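Fold and geometry: a report
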Amino acid sequence: MPCSATKLEEARIYEAREGAAIPAEARPLFHLTPYVGWMNDPNGFCFYQGAYHLFYQYYPYDTVWGPMHWGHAVSTDLLHWEHRPCALAPDTDADAKGCFSGTATTAPDGRLLLLYTGVQDDGNGGAKQLQCLAAGDGTDFVKDTANPVIGEDLLPDGGSCVDFRDPKIWYEDGCYHCVVSTRDAKDQGRILLYESPDARHWTYRTTLDSCHWEYGKMWECPDFFPLDDRQVLLVSPQEMEGSADGEFHAGFGTVALLGHYDKAQARFTREQVQTLDYGTEFYAPQTVLTPDGRRILIAWMENWATVNEAPRRHRWFGCMTMPRELFLQNGRLYQRPAREIEALWQNTISRRERLNGTAAYEGIAGRHADLTVTLDAAACPDCRRFTLRFAADERHATELCWTPSCSELLLDRNRSGSRRDIPHIRRIPAAPQDGKLTLRLVLDGECAELFINGGERTMAIRLETPAEAKGITFTAEGPLQMEITHHQLG
């Protein structure tokens, strides 16, 4: 049926009025936040007509989850974002209960296509999730009259339309492809592959992979792409169990499945599994291929298990991680800050220090900083422990503590200002490479992201610490040689 623009118009009027009243200093410097209201999963991350477009799950009217809309922002450098009008609102029969997550691709005729999950009444008091299509010019979108374009009749045996969501669409070799998440009758998360000549008429091709009763249950927000000589499938599992080796923590996780893909046979062969981020706030990542060939990732910087009790300090709630470049090294998927961040570097300080005790250094402080510390472990075998404290004052501090004897890094944010009973401790492996351990910490107000050994492992962290807590100190228990590079960001 034809869609009514009433809900969309109302959302655009509201966000234009309320979002404009939020001062820039109430937001992070370069982590994207909603214009106003609530944000969760990144959606439709793409490069279109000379700019990056990032849509997101959005409820403009409150700082809690509500009937899902699609928010929209545009950037030319992945750091400075211009908010655009709300892109989608739940205003048709096909998506009356919400416009859930999805992705975007450019059609051969130049239109931007959005493939998203429409949530509708199932006629029995519940809801079902089916895939819908909208097309537009990058600002205004028209929903397809045939929605849903992937209905429950296209689910394979055992597939459930109760959990059937988050399509990832791409155009390749004259054909549209998409992967979609579902949970089957045996309570397993599965990733389904579909094909279409026109993005409106789809055919189920195969199941690419499933959880096999490990790595959680329902797999959400799939992404599927080649990287160097491998194929990568990203999923966000619900109900993960923690692993004995510390690779996976319990709860909502993010997992990278690395392998090879036979396009002709539509067969994905899984060869390796790893956590995508070891931090306390990271979920539902989505990637884009840049014009210069880099694969860039952005994720929701929150956690469903703890988000409802998080303090609401602003007229907005939720943010995205900084953009990260993905690459393969030493058989693993690595991540590093997108090189665009270098344009924000100011007042660079570099030092070489031999430390035994606690020290602070002039000019190395703040809550907007790009700090790299390289520890020469091989040259200093008598160092028993190293601690980096940041966002610190007399009352507050968040600590990164490295113990060389067990090659373990511990995050401790017990004194970060939180009064909530949530995870404040993370332990992850952190072994030196060629005798050195490198910690790169990027701070942006309430956001902190850590990159270990050039991106071998990462941690996304949200802080409830007052903005006035800006101290950074270094402690070595036993002599330690280190190199420090500190850039203010502005």
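Residues numbered from 1 in each chain as written. Predicted model: local features only at pLDDT ≥ 70, side-chain atom pairs only at ≥ 80, totals over all residues. Heavy atoms only, no water.

1. Some thoughts on the sheet that holds strand S4 (residues 82-88)
- What the five strands build is an open sheet, ordered S4-S3-S2-S1-S19; its pairing is mixed. Every other strand in the sheet has two partners, leaving S4 and strand S19 (316-317) as the edge strands with one partner each.
- Sheet topology places strand S1 (residues 37-48) next to strand S2 (residues 51-59); seven bridges connect them, and they run antiparallel. Within S2, the position partnered with Cys46 by the bridge is His53.
- Contacts between helix H1 (residues 6-19) and the sheet are confined to S2, strand S3 (69-75) and S4, with S4 contributing the most and set at about 160 degrees to the helix. (Pairing = 2+ DSSP bridges. Helix = DSSP H or I, 4+ residues; strand = E, 2+ residues; numbered from the N terminus. Contact = heavy atoms within 4.5 Å. Axes fitted to C-alpha atoms, helices over the stretch in contact; angles between N-to-C directions.)

2. Points about the side chain of Asp277
- Within the secondary structure, Asp277 is located in the loop between strand S16 (267-275) and strand S17 (283-289).
- Residue Asp277 is classed as buried on the basis of its relative accessible area of 2%.
- Looking at Asp277, its side chain comes within polar contact range of the side chain of Arg324, at 3.0 Å.
- A distance of 2.9 Å separates a polar side-chain atom of Asp277 from the backbone nitrogen of Ala460.
- Those residues within four positions of Asp277 in sequence are excluded, and the remaining contacts are His249, Thr254, Phe282, Arg324, Thr458, Met459 and Ala460. (Buried < 20%, exposed > 50% of the residue type's maximum accessible area, 1.4 Å probe, protein only. Polar contact = N/O pair within 3.5 Å; in protein donor to acceptor, adjacent residues only side chain to side chain.)

3. A short note on the sheet that holds strand S21 (residues 332-337)
- Pairing is antiparallel in the open sheet, where four strands are placed in the order S17-S18-S20-S21. The sheet terminates laterally at S17 and S21, the two strands that pair on one side only. Taken over all neighbouring pairs, the strand axes of this sheet differ in orientation by 40 degrees on average, direction set aside.
- Relative to strand S18 (residues 295-300), S17 runs antiparallel, the two being bridged by five bridges. Paired with Tyr283 across the strands is Trp300, a residue of S18.

4. Remarks on the nonpolar core
- With 37 residues, the main nonpolar core has Phe386, Phe390, Leu409, Phe474 and Met482 as its most contacted residues.
- Broken down by element, the residue count for this core peaks at six residues, all from strand S31 (residues 471-489).
- Those residues in contact with Leu409 that lie beyond four places of it in its chain are Leu400, Cys401, Trp402, Arg426, Arg427, Ile428, Ala430, Leu439, Leu450 and Ile452.
- By size, the runner-up hydrophobic cluster in this structure holds 23 residues, among which are Tyr14, Leu32, Phe45 and Met320. (Core = buried A, V, L, I, M, F, W, Y, C linked by side-chain atoms within 4.5 Å.)

5. Points about the packing of aromatic side chains
- Per the counting criterion, the structure on display carries 22 aromatic pairs.
- Centre to centre, the rings of Trp38 and Phe317 are 5.6 Å apart; their planes meet at 20 degrees, and the pair counts as stacked. Of the two residues, Trp38 sits in strand S1 while Phe317 sits in strand S19, which places them 279 residues apart along the sequence. For the pair Trp38 and Phe317, a shared accessibility class is recorded, and that class is buried.
- Measuring from ring centre to ring centre gives 6.1 Å for Trp70 and Tyr116, while their planes differ by 65 degrees; the resulting arrangement is edge-to-face. Taken as a pair, Trp70 in strand S3 and Tyr116 in strand S6 (residues 112-121) lie far apart in primary sequence, 46 residues in all.
- Overall, Trp70 belongs to the buried group, its relative accessible area being 0%.
- Ring-pair connections join several aromatic residues into one group, and the members of that group are Trp38, Trp300, Trp304 and Phe317.
- Just above the ring of Phe317 sits the side chain of Arg312; from NZ or CZ to the centre is 3.9 Å. (Phe/Tyr/Trp six-rings, centres within 6.5 Å; stacked < 30°, edge-to-face > 60°. Lys NZ or Arg CZ within 6 Å of the ring centre and 35° of its normal.)

Nothing here speaks to function; it is geometry throughout.
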